[in-house]
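# A look at the structure
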Amino acid sequence: MGPCYRGLAMSDLVVARPEGLYCPPGGFFIDPWRPVDRAVITHAHADHARPGHAHYLASRAAEPLMHARLPGIRLQTLEYGETIHHDGVAVSLHPAGHVLGSAQIRIEHRGEVWVVSGDYFAAGEADGAKEHNRTCAPLEPVRCHSFVTESTFGLPIYRWAPQDEVFAEIDAWWAGNARNGRASVLFAYALGKAQRVLAGIASSIGPLIVHGAVDTITRAYRDAGIALPATRLVTEVDDPSLLRRCLVIAPPSAQRSPWLRRFGDLSDAFASGWMQVRGARRRRSVDRGFALSDHADWPGLLRVIAATGASRVIVTHGFEAAMVRWLGEHGYDAGAFATEYGDLDDDTA
Ligand SMILES: [Zn+2]
Ligand SMILES: [Zn+2]
């Protein structure tokens, strides 16, 4: 590869355009933030799957969520690993472990392979099933020449505790509140995090109540065959004493809403990777913070990047500068794309 590599080489299979990340030989965008003709979507979170595109391509597993979030779209789906050809470009989707249906996009053209990660989940230095997100297919690293990676938690301070420890902490908090006759209200992003909590906690402690926004997505997960414990809406609870030992899962937007008043005396908490940082719980003014993320931690990011075998890495949304510096110091040809993806799916304030 020549010195023009860092610039806009003609062979680049993904470039940044005002509408979003674009594949020039294939004529399609990946998770575009402005309306386009052809959009390949990594996952159903609002900053990656936006309304207004003429055609959508996403994974088969993402289909119920795509329709729940974007009713009426023209959606084509692919099974993980299935390949379609578009203008001489081979496109396939591979599990990213982030939320149900989340996919890395593999693009091959004239022997060159690029992978765009979207958001992905991988925790720790070694791949172990105990740390897989149990509500979706685990991430599969895909060999490529160039890898476009997210960097939401791309700083060395972000290292997730084993997930069963976090779920045990949530259980202990909930059980303690139930003994004291108080409801436990856990704020968790409605798509992905809420279902991961449901799959991880000990559902025998008490009744599980979900906010309506969480219920819609939880139904889509169940429709896709993901086993989750029974939940009910608060309007389906006839015995008010149940509210004093329930766990309520609500989106962060419900934090100061009148909807919460019906639970009376309560303890509240936040489930987010940002809770690992000192002061985050206090800034959110909740009683407890649980550091539970659906994004890769620092060792997970580095492990996945290494497993792709890519020599070139382009960093997007998160701590781009820090990751580009680290990668450059460790022999990678590293750069960044400016994107309009956010980190709302991990509930920053
Ligand atoms: Zn996401
Ligand atoms: Zn993202």
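Everything below is about the structure shown above.
Each helix and strand in the protein chain was counted, giving seven helices and 18 strands. For 349 residues, the compact-globule estimate of 2.2 N^0.38 gives 20 Å, and the C-alpha radius of gyration of the protein chain, at 21 Å, lies within 12% of that figure. For the C-alpha atoms alone, the extent of the protein chain along its principal axes is close to 70 × 45 × 30 Å. By sequence separation, contacts in the protein chain at least 24 residues apart represent 62% of the contacts at least 6 residues apart. The centroid of the 35 positive side-chain charges in the protein chain is displaced by 5 Å from the centroid of its 39 negative side-chain charges.

A word on the nonpolar core. Nonpolar side chains in soluble globular proteins tend to be buried together. Formed by 45 residues in total, the largest nonpolar core has its most connected members in Met66, Leu186, Tyr221 and Ile249. Secondary structure elements with two or more residues in this core: strand S5 (55-59), helix H1 (63-69), helix H2 (163-179), helix H3 (193-200), strand S13 (208-210), helix H4 (212-223), strand S14 (247-250) and strand S15 (266-271). Setting aside anything within four residues of it in sequence, one finds Ile249 in contact with Leu186, Ala188, Ala194, Val197, Leu198, Ile209, Val210, His211 and Val214.

Attention now moves to the pattern of salt bridges. Evaluation of the coordinates by the stated rule reveals eight salt bridges. Note that Glu79 is salt-bridged to Arg60, the shortest N-O span being 3.2 Å. Of this pair, Glu79 sits in the loop between strand S6 (75-78) and strand S7 (83-86) while Arg60 sits in the loop between S5 and H1, and the two are 19 residues apart along the sequence. Owing to a relative accessible area of 37%, Arg60 belongs among the partly exposed residues under this scheme. A salt bridge links Glu125 to Arg159; its shortest N-O distance comes to 3.9 Å. Residue Glu125 is located in the loop between strand S10 (112-116) and strand S11 (146-151), and its partner Arg159 is located in the loop between S11 and H2; the two are separated by 34 residues in the primary sequence. Taking relative accessible area as the criterion, Glu125 reaches 64% and is therefore assigned exposed.

Once that is clear, we can look at the coordination of the zinc ion (ligand 2). Bound to the zinc ion (ligand 2) on the protein side are His48 (NE2), Asp119 (OD), Asp119 (OD) and His317 (NE2), at distances that span 2.1 to 2.4 Å. Of note is the zinc ion (ligand 2), whose four donor atoms meet at the metal with angles of 58 to 134° in an arrangement that counts as irregular. Counting the intervening residues between successive donors of the zinc ion (ligand 2) yields the motif H-x70-D-x197-H. Here the zinc ion (ligand 2) and the zinc ion (ligand 1) are spaced 4.2 Å apart, with Asp119 acting as a shared donor.

Turning our attention to the packing of helix H6 (residues 298-308) against helix H7 (residues 320-329). At a minimum axis separation of 13 Å, H6 and H7 run at an interaxial angle of 50°. Taken together, the axis directions place H6 and H7 in an arrangement best described as oblique. Here H6 runs over H7; the crossing is right-handed. On H7, the residues touching Trp298, Leu301, Leu302 and Ile305 of H6 are Met323, Trp326 and Leu327. Along the lines of polarity and charge, the residues of the contact of H6 with H7 split into seven nonpolar, no polar and no charged.

Now for the environment of Phe121. As for its placement among the helices and strands, Phe121 is situated in the loop between S10 and S11. Taking the C-alpha atoms as reference, Phe121 lies 17 Å from Asp47; in sequence the two are 74 residues apart.

Strands pair in a sheet through their backbones, by hydrogen bonds, and they do so in one of two ways: parallel or antiparallel. Across the sheet, which stays open at both edges, the seven strands sit in the order S7-S8-S9-S10-S11-S17-S18 with mixed pairing between neighbours. Of all the strands in the sheet, the pair left with one neighbour each is S7 and strand S18 (333-336). Across this sheet, the average inter-strand angle for adjacent strands is 20°, counted without regard to direction. Both S11 and strand S17 (residues 312-318) contribute to a ladder of five bridges, which runs parallel.

Next up on the list: the sheet that holds S13. In spatial order, the strands read S13-S14-S12-S15-S16; together these five strands make up an open sheet with parallel pairing. Edge positions in the sheet fall to S13 and strand S16 (288-290), since each of these pairs with one other strand and no more. Here the average twist between neighbouring strands, direction ignored, is 25°. Sheet analysis places strand S12 (residues 183-187) next to S14, joined by four bridges and oriented parallel. Looking at S14, one finds that Ser184 is bridged to Leu247.

This part covers the environment of Arg17. In this fold, Arg17 is placed in strand S1 (residues 15-17). Between the alpha carbons of Arg17 and Arg281 there is a distance of 37 Å; along the sequence they are 264 residues apart. For Arg17, the residues in contact, after removing those within four places along its chain, are Tyr22, Phe29 and Trp33.

Turning our attention to H2. End to end, H2 covers 24 Å across 17 residues, agreeing with the expected 24 Å (1.5 Å per residue, within 8%). Among the residues of H2, those classed as buried are Gln163, Val166, Phe167, Ile170, Asp171, Trp173, Trp174, Ala175, Gly176, Asn177 and Ala178. Packing partners of the buried residues in H2 comprise S12, H3, S13, S14, S15 and S16.

The rules behind the values
- Residues numbered from 1 in each chain as written.
- Chains lettered and ligands numbered in written order.
- Predicted model: local features only at pLDDT ≥ 70, side-chain atom pairs only at ≥ 80, totals over all residues.
- Heavy atoms only, no water.
- Helix = DSSP H or I, 4+ residues; strand = E, 2+ residues; numbered from the N terminus.
- Rg over C-alpha atoms; globule rule 2.2 N^0.38 Å.
- Contact = heavy atoms within 4.5 Å.
- Lys, Arg positive; Asp, Glu negative; His and termini not counted.
- Charge placed at Lys NZ, Arg CZ, Asp CG, Glu CD.
- Core = buried A, V, L, I, M, F, W, Y, C linked by side-chain atoms within 4.5 Å.
- Buried < 20%, exposed > 50% of the residue type's maximum accessible area, 1.4 Å probe, protein only.
- Salt bridge = Lys/Arg side-chain N within 4 Å of Asp/Glu carboxyl O.
- Donors = N, O, S within 2.8 Å, 3.2 Å for Na, K, Ca; no water.
- Tetrahedral: all angles 85-135°; square planar, octahedral: opposite > 155°, others 65-115°.
- Axes fitted to C-alpha atoms, helices over the stretch in contact; angles between N-to-C directions.
- Parallel < 35°, antiparallel > 145°, perpendicular 65-115°, else oblique.
- Left-handed = near helix turned anticlockwise from the far one by under 90°.
- Nonpolar A, V, L, I, M, F, W, Y, C, P; charged D, E, K, R; others polar.
- Pairing = 2+ DSSP bridges.
- Expected span 1.5 Å × (residues − 1).

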